[in-house]
Amino acid sequence: MRRALTDTLVIAERNIIRLTRTPELLIGFTLQPIMFVLLFRYVFGGAISTPGYSYVDFLVPGIIVQNVAFGGFATALGLNEDMRKGLIDRFRSLPMSRAAVLAGRTLSDVALNSLGITVLLVTGVITGFSFHTDFAHAVGGIGLLLLFGYGFSWFLAFIGLLAKSSETVNSLGFLVVFPLTFISSSFVPVASMPGGVRDFAEVNPFTIVVDAMRSLWLGAPAHNAVWGAVVWSLVIAAVFATLAVDRYRRAAAT
């Protein structure tokens, strides 16, 4: 266990260092979400009714949930590239834990998501966002975001191992993430959606996580959203970690 943990931390450190040397990835995970905040806040915000809250308070939790989901693309693209370039074969020849390759990748996403959360919170505060709850609830919300982002990283890790190219990774990932984030309570109240779309949005895990964030940060009624968000995060992590590890073993054996 100690060796596996050490190897995982080494792989995570490698990926973090690599991210600092690829500014295009950092730009994509920091500047693009800022553009989303400004676009929705100042272009669409005046046309969207959010009873009980200003639109910027309603928006920021949703934007951040979307951003932590996209954070896993760093793992998906990195794994796909390592598989295609033969780096995984080099790792297999080393006396290291095989689990460390995937675990280190997803762990490094926690650092990337921490950066994204910080950037978006600062942007949100500048544009008018404010917490309506105490410090403990605010920190709890950040912890929930990191847990959900970690779970979703395993889903995208599976996509990265499944796809044949980086272009396929982007296509498959966006086909899943975009509908899930937009057909949810991230940007508009679910009650404003037509019947069939609203039914899907209400059970969408993104809606549950966003509602949990609004409960922790804005004091909105929680119902079962917080516990539901924790359960969804753990289930996604468990299911797709199992699938990703199985896929990794099969790919490495060929």
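Here's what I pulled together on the structure shown here. All chains use their own residue numbering, which begins from 1 and follows the written sequence. In keeping with the predicted nature of the model, local features appear solely for residues at pLDDT of at least 70, side-chain atom pairs appear and are counted solely at 80 or more, and the whole-chain, interface and lining totals rest on all residues. As a rule here, side-chain values come from all non-hydrogen atoms in the structure, and water together with hydrogens is ignored.

Another point: the environment of Val190. Labels follow the DSSP assignment, with helices taken as runs of H or I lasting at least four residues and strands as runs of E lasting at least two, numbered in each case from the N terminus. Checked against the element boundaries, Val190 lands in the loop between α8 (166-182) and α9 (195-203). Taking the C-alpha atoms as reference, Val190 lies 7.0 Å from Glu202; in sequence the two are 12 residues apart. Contact definition: two residues touch when any of their heavy atoms are within 4.5 Å. Ignoring anything within four residues of it in the chain, the contact list for Val190 reads Ser184, Ser185, Arg198, Ala201, Glu202 and Thr207.

Here a pair means two rings of Phe, Tyr or Trp (six-membered ring of Trp) with centres within 6.5 Å. Their orientation is stacked below 30 degrees between planes, edge-to-face above 60, and tilted elsewhere. For the structure shown, the criterion picks out 21 aromatic pairs. Here the aromatic rings of Phe70 and Phe174 are separated by 5.4 Å at their centres, their planes lie at 50°, and the arrangement is tilted. Placement of Phe70 in helix α3 (residues 55-70) and of Phe174 in helix α8 is noted, with a sequence separation of 104 residues between them. Under the scheme applied here, a residue whose accessible area is under 20% of the maximum for its type counts as buried, over 50% as exposed, and between as partly exposed, the area being computed with a 1.4 Å probe on protein chains only. A relative accessible area of 33% means that Phe174 is categorised as partly exposed. Ring geometry for Phe152 versus Phe155: centroids 5.2 Å apart, planes at 50°, classification tilted.

With that settled, consider a nonpolar patch on the surface. Residues form patches when they are more than 30% accessible in relative terms and have no salt bridge. Like charges link within 9 Å. Nonpolar side chains (Val, Leu, Ile, Met, Phe, Trp, Tyr) link within 5 Å. Each accessible area is a Shrake-Rupley estimate made with a 1.4 Å probe; only the visible protein chains count as cover when residues are assessed. The salt bridge criterion pairs a side-chain nitrogen of Lys or Arg with a carboxyl oxygen of Asp or Glu, the two atoms within 4 Å. Taken together, the side chains of Leu38, Leu39, Tyr42, Val43 and Phe44 present a nonpolar region at the surface, about 460 Å² in accessible area. Within the secondary structure layout, Tyr42 lies in helix α2 (residues 23-44).

If you trace the backbone, Asn204 turns up in the loop between α9 and α10 (205-218). A residue is classified by how much of its surface remains accessible, and Asn204, at 1% relative accessible area, is buried. In protein, a polar contact requires one atom able to donate a hydrogen and another able to accept it; more generally it is a pair of N or O atoms within 3.5 Å, and residues adjacent in sequence count only if both atoms are side-chain atoms. From its side chain, Asn204 meets the backbone oxygen of Leu180 in a polar contact 2.6 Å long.

Over its 22 residues, α2 runs 29 Å from end to end, which matches the ideal 32 Å to within 8%, given 1.5 Å per residue. Buried residues of α2: Phe29, Thr30, Pro33, Phe36, Val37 and Phe40, and no others. Packing partners of the buried residues in α2 comprise α3, α4 (73-85), α6 (99-126) and α8. Expected span of a helix: the number of residues minus one, times 1.5 Å.

Before going further, it helps to spend a moment on the nonpolar core. By nonpolar core is meant a set of buried Ala, Val, Leu, Ile, Met, Phe, Trp, Tyr and Cys residues that side-chain atoms within 4.5 Å join together. Formed by 50 residues in total, the largest nonpolar core has its most connected members in Ile64, Val65, Leu145, Phe148, Phe152 and Trp217. Of all the elements in the fold, those that place two or more residues in this core are α2, α3, α4, α6, α7 (135-162), α8, α10 and α11 (225-253). If we ignore the near neighbours within four places in the chain, the residues touching Phe148 are Val65, Val68, Phe206, Val209, Ser233 and Ile236. Counting residues in hydrophobic clusters, the runner-up holds 14 residues, among them Ile11, Leu79, Trp154 and Ala237.

Now for the pattern of salt bridges. The full count for this structure, using the stated rule, is one salt bridge. Here Arg214 ties to Asp211 by a salt bridge, and the two come within 3.9 Å at their closest N and O atoms. Taken together, the residues span about one helical turn, with Arg214 and Asp211 both in helix α10 at a distance of three residues. We classify Arg214 as buried; its relative accessible area is 5%.

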